[in-house]
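# Close look at the chain arrangement
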Amino acid sequence: MKHSYLEVTFRKGKPLAAYYYLPRRAEETSVRTQRFDGGFVVDYASDGCAIGIEILSPGQFDIAQWNRVLESLGQEPIPREDLAPLVAA
């Protein structure tokens, strides 16, 4: 996968779960996780690269905290429009 993307699961119109996939090779899987403030869990591949971010409380999503997590991982902030499903919820 060459591009990042956000996947949100809804139940009865409310966000239940969310995961932000970071660029990675198809065969890469998570071998360890790290919790971050704001309800985020980052998955890392065996080479130590971040491959995804779980958003534990998508209904209470904080974009400022989100961008701090991305910055700490060396990732660019994502455009606000890409977060529209979470911000609208």
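Anything mentioned here points back to the structure above.
Residues numbered from 1 in each chain as written. Predicted model: local features only at pLDDT ≥ 70, side-chain atom pairs only at ≥ 80, totals over all residues. Heavy atoms only, no water.

### Side note on the pairing of strand β5 (residues 50-55)
For the record, the criterion: Think of it in three bands: with a 1.4 Å probe and only protein chains considered, a residue is buried below 20% of the maximum accessible area for its type, exposed above 50%, and partly exposed in between. Secondary structure elements follow DSSP: runs of H or I of four or more residues count as helices, runs of E of two or more count as strands, with numbering from the N terminus. Strands are labelled as partners when DSSP assigns at least two bridges between them.
Summarising burial for β5: 5 of the 6 residues are buried, a large majority. Sheet topology note: the strand β2 (residues 14-21)/β5 ladder contains 4 bridges and is antiparallel. Across the sheet, residue Tyr 19 finds its bridge partner in β5, namely Glu 54. Two elements, strand β4 (residues 40-44) and β5, share 5 bridges in a ladder whose sense is antiparallel. Looking at the pairing, Val 41 lines up with Glu 54 of β5. The hairpin formed by β4 and β5 contains 5 residues between the paired strands, and Gly 48 there has a positive phi angle of roughly 90°.

### Details of the environment of Pro 15
Checked against the element boundaries, Pro 15 lands in strand β2. With 40 residues separating them along the chain, Pro 15 and Ile 55 place their C-alpha atoms 10 Å apart.

None of this, on its own, says anything about what the molecule does.
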